[in-house]
Amino acid sequence: MGMSSCISGYSPGSSQRCTAPAYKTETSPYNPEGSGILRNIDYISEIPDECLAIIFQSLSSGDRKQCSLVSRRWLLVEGQSRHRLSLSAQSELLANIPSLFARFDSVTKLVLRCERRLVSINDDALVLISLRCPNLIRLKLRGCRELTDVGMTAFAKNCKGLKKFSCGSCMFGVKGMNAVLGHCSSLEELSVKRLRGSNDGGAAAELISPGAAALSLKTICLMELDNGQCFQPLITGCNNLKTLKLLRCLGDWDRVLEVIGNRKNCLVEVHLERVQVSDAGLIAISNFLHLEILHVVKTPECTDAGVTAVVERCKLLRKLHIDGWRTNKIGNEGLLSIARHSANLQELVLIGVNPTSISLGAIASNCMKLERLALCGSETVADEEISCIALKCVALKKLCIKGCPVSDQGIEAFAWGCPNLVKIKVKKCRGVTVEVADWLRARKGSLVVNLDVCEVEAEAVDASASDSGAQDDAGAVPLAVSRVTVAAADADAPSGSIGRLSAFKSRFGLFGGRSLQSCALYFQKGAHR
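Procedures and definitions
Residues numbered from 1 in each chain as written. Predicted model: local features only at pLDDT ≥ 70, side-chain atom pairs only at ≥ 80, totals over all residues. Heavy atoms only, no water. Helix = DSSP H or I, 4+ residues; strand = E, 2+ residues; numbered from the N terminus. Buried < 20%, exposed > 50% of the residue type's maximum accessible area, 1.4 Å probe, protein only. Areas by Shrake-Rupley, 256 points an atom, 1.4 Å probe, with all protein chains shown as cover. Core = buried A, V, L, I, M, F, W, Y, C linked by side-chain atoms within 4.5 Å. Contact = heavy atoms within 4.5 Å. Salt bridge = Lys/Arg side-chain N within 4 Å of Asp/Glu carboxyl O. Phe/Tyr/Trp six-rings, centres within 6.5 Å; stacked < 30°, edge-to-face > 60°. Axes fitted to C-alpha atoms, helices over the stretch in contact; angles between N-to-C directions. Parallel < 35°, antiparallel > 145°, perpendicular 65-115°, else oblique. Nonpolar A, V, L, I, M, F, W, Y, C, P; charged D, E, K, R; others polar. Pairing = 2+ DSSP bridges. UniProt positions renumbered as here; feature names shortened; annotations may be inferred. Lys, Arg positive; Asp, Glu negative; His and termini not counted. Polar contact = N/O pair within 3.5 Å; in protein donor to acceptor, adjacent residues only side chain to side chain.

An unreviewed UniProt entry lists the protein under the name F-box domain-containing protein, from Escallonia rubra.

Structure (structure tokens):
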């Protein structure tokens, strides 16, 4: 209490030092003689720098800034114990780099972000940063359009201990990327988004190889690349790759997946979103025997046959997300295969897929470990299908229903079914009213019911968690040293449903990719809790 009151009374412009209140030593059996009164003893100053640094690391960014104003010692210790830094990477940053990293000399995780309308830092600034931060293990570049292959090569030579590298909307090219991979032998995660320089060179463009990171690289995430094919040697050359994410990258990716599938691999997680992949690619993925997580989002050439091939061989599959894009190429046949072969399935997200009570009933009965289920934009999921889920999904804990022709009658079934259900989210289902939500809450007091009946317009937004390979930070930091802040630690329907389908189509448009994003975030929040 003494420390908190002392800090709150400190004025940044004052030279007065905080002191602890005076204490009197009284006579006791353990101190028979006593020692009088001890005055003006600053107990805070007795805290070792190491302990003070540990305390600072447990505080928020704002609290750390306030603590740095208490005294010169605290300012020094706070700067030396700060390992994460996020900077606004404007061209003016160059003049402030010496003073910034003189104070923050222990930075190991750095974010450099520049807005689109501003001029970013150039090669000179990046090289100077690399000299000041030789122990850097994580670097994230966003919008640094003035960086070239020369600057990236010099940076890679100075920061060979880099473990995570993420870049987006940058203009350096293949040579700069090869320099990072060639010098950083400990690189484990690579995320590349909109790398404009990789488009240079036309048909004779240079390819990107794994280099020194061939054995260490475990995660590759490629997003929105017009020339993503130049990364093929990198992907196929990493023998210890565990996570592969291909999101909105041009080119035919079946061949890449076939090369990986024909050799021994340890891939555990694969994300495919809006890429050219057919059943041949999914059949190649079926050779990933350690696969646990698979996202197939808006790949119109994938059918029931490809899904069946994957689930028949990948027995460890526990998370499966499918966005059929309303093509009806993935339907009951594929879902029944999932029910027969995916006994370890814990999470299933179906978007733009039209299951029936038969396929949903089979999944509910056979996938006994299923805890999280999302049904979005489905034209055939109505009261009968929802009642089937309520009756048979014993292990289900979270359910998300969005844009389906469900009514109050279907939701009422959860008052008696799904004994382990803790949360249900219903969105854009016109047949569900607020009254049934209130009734369900009263019936099952422990159940969290999230109902959104206000928004009924169709959305057309970009898909899923595309930036998952590179988490965004809370905000960039202005140039002034005193204002630097820490970065905050992506088949046809059955004939019996024709009338229901036509009525549903007249009321709802095509749902965009936000469905998958909201479902993913919905499940992730619960996992964090």
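Undergrad: Would you take a moment to explain the overall build of the protein for this structure?
TA: The helix and strand tally for the protein stands at 19 helices and 17 strands. Put simply, the protein has 529 residues, and 50% of those count as buried. Summed over all atoms, the accessible surface of the protein reaches about 23,600 Å², with 53% contributed by carbon and sulfur.

Undergrad: Would you mind going over the nonpolar core with me for this structure?
TA: For soluble globular proteins, the rule of thumb is that nonpolar side chains tend to be buried together. Ranked by size, the top nonpolar core spans 121 residues in total, and within it L112, L141, F165 and M177 carry the most contacts. Looking at this core element by element, the count peaks at five residues for helix α8 (residues 174-183). Residues contacting L141, with those up to four places away along its chain left out, are L112, L147, M152, F165, S166, C167, G168, C170 and F172. Counting residues in each nonpolar core, the second largest holds eight residues, with I44, A53, F56 and C67 among its members.

Undergrad: Would you mind going over helix α12 (residues 304-313) with me for this structure?
TA: Because each turn of an α-helix spans 3.6 residues, side chains separated by three or four positions end up pointing in the same direction. Among the ten residues in α12, seven count as buried, and that is most of the element. Buried residues of α12: D304, G306, V307, T308, A309, V310 and V311, and no others. Of the surrounding elements, those touching the buried residues of α12 are α11 (279-285), β11 (293-297), β12 (319-323) and α13 (332-341).

Undergrad: Please clarify how the pattern of salt bridges should be interpreted in this entry.
TA: Oppositely charged side chains can pair when the atoms bearing their charge come close. Overall, the coordinates contain 15 salt bridges when judged by the stated rule. Ionic pairing is found between D49 and R73, a salt bridge with its closest N-O pair at 2.8 Å. Here D49, found in helix α2 (residues 49-57), pairs with R73, found in helix α4 (residues 72-80); they are 24 residues apart in sequence, far enough to count as distant. Using a relative accessible area of 37% as the deciding quantity, one classes D49 as partly exposed. With its nearest N and O atoms 3.5 Å apart, the salt bridge here joins R372 to E371. E371 sits in the partly exposed class, given a relative accessible area of 24%. Each of R64, E78, R82 and R103 takes part in one network of salt bridges that share partners.

Undergrad: Would you take a moment to explain the packing of aromatic side chains for this structure?
TA: Any two aromatic rings considered together are summarised by their centre-to-centre distance and by the angle between their planes. Tallied over the entire structure, the rule returns two aromatic pairs. Note on F56 and W74: the rings are 5.6 Å apart at their centroids and 70° apart in plane angle, and the pair reads as edge-to-face. Taken together, the residues span a long stretch of sequence, with F56 in helix α2 and W74 in helix α4 at a distance of 18 residues. Both residues of the pair, F56 and W74, belong to the buried class. Here the aromatic rings of W416 and W439 are separated by 5.8 Å at their centres, their planes lie at 55°, and the arrangement is tilted. Of this pair, W416 sits in the loop between α16 (408-412) and β16 (423-427) while W439 sits in helix α17 (residues 434-443), placing them 23 residues apart in sequence.

Undergrad: Is there a simple way to explain the packing of α13 against helix α14 (residues 357-366) in this structure?
TA: Two quantities define a packed helix pair, namely the angle between the axes and the distance from one axis to the other. Where α13 meets α14, the closest approach of the two axes is 8 Å, and the angle between their N-to-C directions is 10°. Relative to α14, the element α13 is oriented roughly parallel. Contacts between α13 and α14 involve N332, L335, L336, A339 and R340 from the first element and I358, S359, A362, I363 and N366 from the second. Of the residues contributing to the contact of α13 with α14, the split by class is six nonpolar, three polar and one charged.

Undergrad: It is not clear to me how unusual backbone geometry should be interpreted in this structure. Could you clarify?
TA: The bulk of non-glycine residues show a negative phi, and the bulk of peptide bonds are trans. We note that S169 has phi near 55°; this positive angle belongs to a residue other than glycine. Tracing the sequence through the fold places S169 in the loop between β6 (164-168) and α8. Overall, S169 belongs to the buried group, its relative accessible area being 11%. The phi torsion at E224 lies on the positive side, around 55°, for a residue other than glycine. Note that E224 resides in the loop between β8 (219-223) and α9 (232-237).

Undergrad: Please explain the pairing of β16 as it appears in this structure.
TA: Two faces, one strand: in a regular strand the side chains alternate between the faces of the sheet. For β16, a buried count of five out of five residues is recorded, marking the element as mostly surrounded by other parts of the structure. Both faces of β16 are covered, namely the face carrying K423, K425 and K427 and the face carrying I424 and V426. For strand β15 (residues 398-402) and β16, the ladder comprises five bridges, and the chain directions are parallel. Pairing of I401 across the sheet is with V426, part of β16. Relative to strand β17 (residues 448-452), β16 is paired through five bridges, and the arrangement is parallel.

Undergrad: Could you clarify how one ought to interpret the UniProt feature "domain: F-box" (unreviewed entry) in the protein in this entry?
TA: Residues annotated in UniProt with the feature "domain: F-box" (unreviewed entry) correspond here to residues 44-74. The span residues 44-74 shows a helical share of 61% and a strand share of 0%, and its end C-alpha atoms are spaced 10 Å apart.

Undergrad: Whenever I open this one, the environment of K397 confuses me. Can you help?
TA: Structurally, the position occupied by K397 is in the loop between α15 (383-392) and β15. Looking at K397, the relative accessible area reads 37%, which means it is partly exposed. Put simply, K397 and L373 are 24 residues apart on the chain and 8.5 Å apart in space, counted from C-alpha to C-alpha.

Undergrad: Just checking my understanding: could you explain the packing of helix α5 (residues 93-103) against helix α6 (residues 123-132) for this structure?
TA: It is the contact of α5 with α6, at a shortest axis distance of 10 Å, that shows an interaxial angle of 10°. Viewed along their axes, α5 and α6 adopt a mutual orientation that is roughly parallel. On α6, the residues that touch L94, I97, P98, F101 and A102 of α5 are D124, A125, L128, I129 and R132.

Undergrad: Explanation requested: the side chain of E269 in the structure shown.
TA: By the secondary structure assignment, E269 is in strand β10 (residues 269-273). Here E269 is buried and forms no salt bridge, its nearest opposite-charge partner K245 lying at an N-O distance of 4.2 Å. Within the structure, E269 has its side chain in polar contact with the side chain of H271 (distance 2.7 Å). Beyond its immediate chain neighbours, meaning those up to four positions away, E269 contacts K242, T243, L244, K245, L291 and I293.

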